[in-house]
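Fold and contact review
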Amino acid sequence: MLVAVRIAIGLALTFVGLALVAWRGSFLFRLVANGKPAPGRMTKVGAQVKAELMDVFGQRKLLRRTVPGLAHFFTFWGFIVLLLTIIEAYGDLFDKTFAIPGIGHWKFIGFLEDFFATAVLVALITFAIIRIRQNPAREQRRSRFYGSHTATAWQTLGLIFLVIATLLIYRGAQINTGDFPYGDTWWTFASKLVSMALKPLGYTANTHIETIFILAQIGVIWAFFVFVLHSKHLHIFVSEPNVLFSRRPNALGPLGTTPDLDPEKMTEDTVFGTGLISHLTWKQRLDLISCTECGRCQDQCPAWNTDKPLSPKLVIMDLREHLFGSASELLGGGELPGDGVAAKPLVPDVIEPDVLWSCTTCGACVDQCPVDIEHVDTIVDMRRYEVLMEARFPTEAGLMLRNVENQGDPWGLGSSQRLVWTQGLEFEVPVVTDTIPDDVEYLFWVGCAGALDERARKTTQTIARLLHRAGIQFAVLGPKESCTGDPARRLGNEYLYQEQAQKNIETLNSAGVKKVVASCPHCFNSLSREYPALGGNFEVFHHTQLLEKLLTEGVLKPETRIDSTVTYHDPCYLGRHNAVYDEPRGVLNHVPGVQLTEMHRCKNKGFCCGAGGARMWLEERIGTRINVNRTDEALGTGADVISTACPYCLIMLDDATKARQAEGSAPESVKVVDVAQVLEQSLTGATSPPDPAPAT
Ligand code: SF4
Ligand code: SF4
């Protein structure tokens, strides 16, 4: 082929490809940039860069599943290394003897290129096998690809195969024509094998093959870029910024902020939460177009796994489809038409109410998502709109909200009940009436469940006795303690949350509190991660953190053997939301005789008990019960004791254990306790695992 023709075809393919990529890229950029502001996205630069290095370049989250993780790792790095071959292909268009200046004849570079080309081919076969084995048509809801665009996935695999195939063929031909920058060597083993297959065709044929397949390679690469920008594989380009702008590189922690709730700053245009597609922030829009439809979130979701209609993947996909469907209106400029697609209310037109209210905010989806999509924030934002703008929420939630508002606790028992748990203790628990005394180190934040629920009170008493035994000076707020507002916030009532939070912060600040120990992970999360945004800055510990420290320092010395097999259930708001996994296990490991046995779904893969996201106060009408699902797993370990570190988890697991015991499918001897109770048993020499009080 004439050199000029070859160059003309190559450049024509490039210009067409570039134009299509630029057109689509500019559309996507405008669509994302058109979203509402998302403040605080680059406030932890060091941690965010670390997340980028670990999650994007190190593929940390993907490697949690070894086989698909390795396949994706080599594909990702293959794309990066093989960028060199694109330079070489363009160089060859103009000059057959082209080599990348400086490195172009270095055989190790040639080896790397061939190694990654081969690795990508192996990865493609792996992906194909995974997709065939987890075929959603056969596996239905149990396949993580259920609901994903599987045809597009196969097309993408096909295009990647063509990229590698055209690459190896032109390189093989180059070896035979003498144009290969790395020469005829086994360093470039894959290209060498292809060259051996092509050699019998002769020099002239190889010259034509080289040219045709270089042009094919250029054409396929641009076709791939254009295809990617129109498909779910868009993540190839947008997952990097999505991870970088993630608000929580280390653990989930606090929810996103909401517009100022100060009534004086409100106008009739003020919108709370997300009710229309135009209310999404640019980060939420970036989230939507970053989704790879891999289904890792769906696979871990407790709602999806108990046959509820909520799949975090489908929420993202449905919102993305609606975003693209509304794009021309959103980008049209001026007022949005009142009867257009973008005017559709997200709930119920795009997201079913049962989907929205099924979420326990456990954070498994966010934790699993390889591209750091923040499903929980978007779900809570939609709940905020439903609650604050439309006054629509499950009826039973209304009672809980009224109780918090009027009595300061979700049960509506009132402040007079907050010190009942101290009755019967063999020592006085100081109650802060004014300021916290100088000799008191910790404010013990008891929490609503810890103060008011019969079973949780037992744990509260245990913790108090353990702190007393360790010589820790602590005090409680008693009637001045009020609900942190966590259930109201997770339900979407941000207004009530902020009222509660401000009241508590004022109480704590005026009492001069600096250090807090909390037994409830929800309180722990609110006090340590969410109150700082409203002016509450305290050093907050969960009781398992403090107990583990006291054990490590030798202040507490458990000596009596507890010959029990104990399994530990990770509370979502202690584990995934705050990355406290080791300390509760550390407490158990300090107890002589205890054999800790892990459930399959543990630590960051821990399965919710079903109480989070204010679900504790909502009926579970659809599918099977989450707490029973989790308890069955715990019972399946054969443990004598199911331990946890959260009063709500304790109640949920205890209810399910008792239900299983009542139907005869669980041994009567199995107990559900807090890890603190196991420790106390060893310290006091009690002879059997502590028995929580009967259900109220
Ligand atoms: S937070 Fe938990 S319950 Fe909610 S969508 Fe994510 S995984 Fe499902
Ligand atoms: S949201 Fe994340 S985990 Fe879920 S399917 Fe999309 S990319 Fe995968």
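In what follows, the structure referred to is the one given above.
Here we summarise the structure given alongside this text.

**Description of the packing of aromatic side chains**
Under the counting rule described, the total for this entry stands at 27 aromatic pairs. A ring pair is formed by W222 and F225, whose centres lie 5.5 Å apart and whose planes are at 85°; its orientation type is edge-to-face. Pair noted here: W222 and F225 are both in helix α9 (residues 203–229), with a separation of 3 residues, about one helical turn. On the accessibility criterion, W222 (15% relative accessible area) is buried. Through a chain of ring-to-ring contacts, the aromatic side chains of F73, F74, W106, F108, F111, F115, F116, W187 and F189 assemble into a single cluster. The ring centre of F324 lies 5.4 Å from the NZ or CZ of R24, which sits over that ring. Over the ring of F607 we find R601; its NZ or CZ atom is 3.8 Å from the centre of that ring.

**Quick notes on the site of ligand 1**
In the neighbourhood of ligand 1, 13 residues make up the surrounding shell, with C301, C359, C362, G363 and C365 lying closest. When atoms are counted within 2 Å of each cavity's grid points, the one that captures over half of ligand 1 is the second largest cavity. Elements that contribute at least two residues to the shell around ligand 1 include exactly α18 (364–368) and α19 (375–389).

**Concerning the site of ligand 2**
Taken together, 13 residues form the shell around ligand 2, and within it C291, C294, C297, C369 and H375 come nearest. Taken together, the residues of the shell around ligand 2 break down into 7 nonpolar, 3 polar and 3 charged.

**Brief notes about the side chain of S148**
Locating S148 in the fold gives a position in the loop between α6 (136–139) and α7 (150–177). Within the structure, S148 has its side chain in polar contact with the backbone oxygen of E293 (distance 2.9 Å).

**Structural notes on empty space enclosed by the protein**
Per the counting criterion, the structure on display carries 9 cavities of 30 Å³ or more. D486, P487, H522, W617 and Y648 are, among the 21 residues lining the largest cavity, the residues nearest its centre. In terms of lining, the second largest cavity is formed by 14 residues, of which the most central are C301, L310, C359, C362 and C365. Every element with two or more residues in the lining of the second largest cavity is listed here: α13 (302–305) and α18. Across the lining of the second largest cavity, the residue classes tally to 10 nonpolar, 4 polar and no charged.

**Re the sheet that holds strand β6 (residues 595–596)**
As summarised here, the arrangement of the 4 strands in space is β6-β5-β7-β8, forming an open sheet in which the pairing is parallel. Both edges of this open sheet fall to β6 and β8 (671–674), since each of them pairs with a single strand only. Pairing between strand β5 (residues 565–568) and strand β7 (residues 641–644): 3 bridges, direction parallel. Bridge pairing in β7 links T567 to I642. Packing of helix α29 (residues 647–662) onto the sheet brings it into contact with β7 and β8, and relative to β8 it is tilted by some 175°.

**Examining the packing of helix α5 (residues 107–133) against α7**
Relative to each other, α5 and α7 sit at 155°, their axes nearing to 10 Å. Regarding the angle of α5 to α7, the classification is roughly antiparallel. The interaxial crossing formed by α5 with α7 has left-handed handedness. Seen from α5, the contacting residues are G110, E113, D114, A117, V120, L121, L124, F127, A128, R131 and I132; seen from α7, they are T150, A153, W154, L157, I160, F161, I164, L167, L168 and R171. The residue inventory of the contact of α5 with α7, partitioned by class, reads 15 nonpolar, 2 polar and 4 charged.

**Concerning the pattern of salt bridges**
The tally for this structure, following the rule as stated, stands at 40 salt bridges. One salt bridge connects D55 with R60, and the closest N-O pair in it is separated by 2.7 Å. When its relative accessible area of 3% is taken as the criterion, D55 is described as buried. Of the charged contacts, one joins E598 and R585 as a salt bridge, the two residues approaching to 2.5 Å between their closest N and O atoms. One end of the pair, E598, is in the loop between β6 and α28 (626–636); the other, R585, is in helix α27 (residues 582–590), and 13 residues separate them in sequence. Residue classification places E598 among the partly exposed positions, given a relative accessible area of 30%. By sharing partners, the salt bridges in this structure join D381, R384, D486, R489, R490, E494 and E530 into a single network.

**Let's talk about helix α8 (residues 189–198)**
Residues of α8 that are buried include every one of A190, S191, K192, S195 and L198, and no others. Looking at the buried residues of α8, the elements they touch are α5, α7 and α9.

**A short note on helix α11 (residues 282–290)**
In terms of residue burial, α11 counts as a mostly covered element, since 8 of its 9 residues are buried. Lining the buried residues of α11 we find α1 (3–33), α10 (235–244), α14 (312–325), α15 (327–330) and α19.

**Overview of the pairing of strand β1 (residues 442–445)**
Alternating positions in β1 separate into two faces, Y442 and F444 on one and L443 and W445 on the other, with burial throughout. Bridge count between β1 and strand β2 (residues 474–475): 2 bridges; the pairing is parallel. Its bridge partner being in β2, Y442 is matched across the sheet by F474. As defined by bridge partners, β1 adjoins strand β3 (residues 515–518) across 3 bridges and the pair is classed as parallel.

**Some details on the side chain of D453**
Counting through the fold element by element, D453 comes out in the loop between α21 (448–452) and α22 (454–469). Within the buried core, D453 has no salt-bridge partner, and the shortest N-O distance to an opposite charge, that of R455, equals 4.3 Å. Within the local environment of D453, its side chain forms a polar contact with the backbone nitrogen of R455, the two atoms lying 2.9 Å apart.

**Quick look at the sheet that holds β1**
Taken together, 4 strands build an open sheet; the order of strands is β2-β1-β3-β4 and the sheet is parallel. A single partner strand is all that each edge strand has here, and the edge strands are β2 and β4 (539–542). In this fold helix α26 (residues 543–552) packs onto β1, β3 and β4, with an angle of close to 80° to the strand it touches most, β4.

**Quick notes on the nonpolar core**
Core analysis: the largest hydrophobic core is formed by 125 residues, its most contacted members being W421, L443, F444, W445, L527, Y648 and L679. Element by element, the count of residues in this core is highest for α14, at 6 residues. Beyond its immediate stretch of four places on either side in the chain, L679 contacts L466, L547, L551, L556, P558, V587 and V591.

**Here we look at the environment of V380**
Along the chain, the position of V380 falls in helix α19. Taking C-alpha positions, V380 is 9.5 Å from W357, a pair spaced 23 residues apart along the chain. Beyond its immediate stretch of four places on either side in the chain, V380 contacts L255, T361, R489 and R490.

**A look at the packing of α7 against α9**
For the pair α7 and α9, the least separation of the axes is 8 Å and the interaxial angle reads 155°. In terms of orientation, α7 and α9 fall into the roughly antiparallel class. Note that α7 runs across α9; the crossing there is left-handed. Residues of the contact of α7 with α9, tallied by class, amount to 17 nonpolar, 10 polar and 1 charged.

How each quantity is defined
Residues numbered from 1 in each chain as written. Chains lettered and ligands numbered in written order. Predicted model: local features only at pLDDT ≥ 70, side-chain atom pairs only at ≥ 80, totals over all residues. Heavy atoms only, no water. Phe/Tyr/Trp six-rings, centres within 6.5 Å; stacked < 30°, edge-to-face > 60°. Helix = DSSP H or I, 4+ residues; strand = E, 2+ residues; numbered from the N terminus. Buried < 20%, exposed > 50% of the residue type's maximum accessible area, 1.4 Å probe, protein only. Lys NZ or Arg CZ within 6 Å of the ring centre and 35° of its normal. Near = heavy atom within 4 Å. 1 Å grid on protein atoms, 1.4 Å probe; cavity = no way out; pocket = protein on both sides within 12 Å on 5 of 7 lines; lining within 4 Å. Sits in = over half its atoms within 2 Å of the grid points. Nonpolar A, V, L, I, M, F, W, Y, C, P; charged D, E, K, R; others polar. Polar contact = N/O pair within 3.5 Å; in protein donor to acceptor, adjacent residues only side chain to side chain. Points joined across faces, edges and corners; volume = space filled by probe spheres on them. Pairing = 2+ DSSP bridges. Contact = heavy atoms within 4.5 Å. Axes fitted to C-alpha atoms, helices over the stretch in contact; angles between N-to-C directions. Parallel < 35°, antiparallel > 145°, perpendicular 65-115°, else oblique. Left-handed = near helix turned anticlockwise from the far one by under 90°. Salt bridge = Lys/Arg side-chain N within 4 Å of Asp/Glu carboxyl O. Lys, Arg positive; Asp, Glu negative; His and termini not counted. Core = buried A, V, L, I, M, F, W, Y, C linked by side-chain atoms within 4.5 Å.

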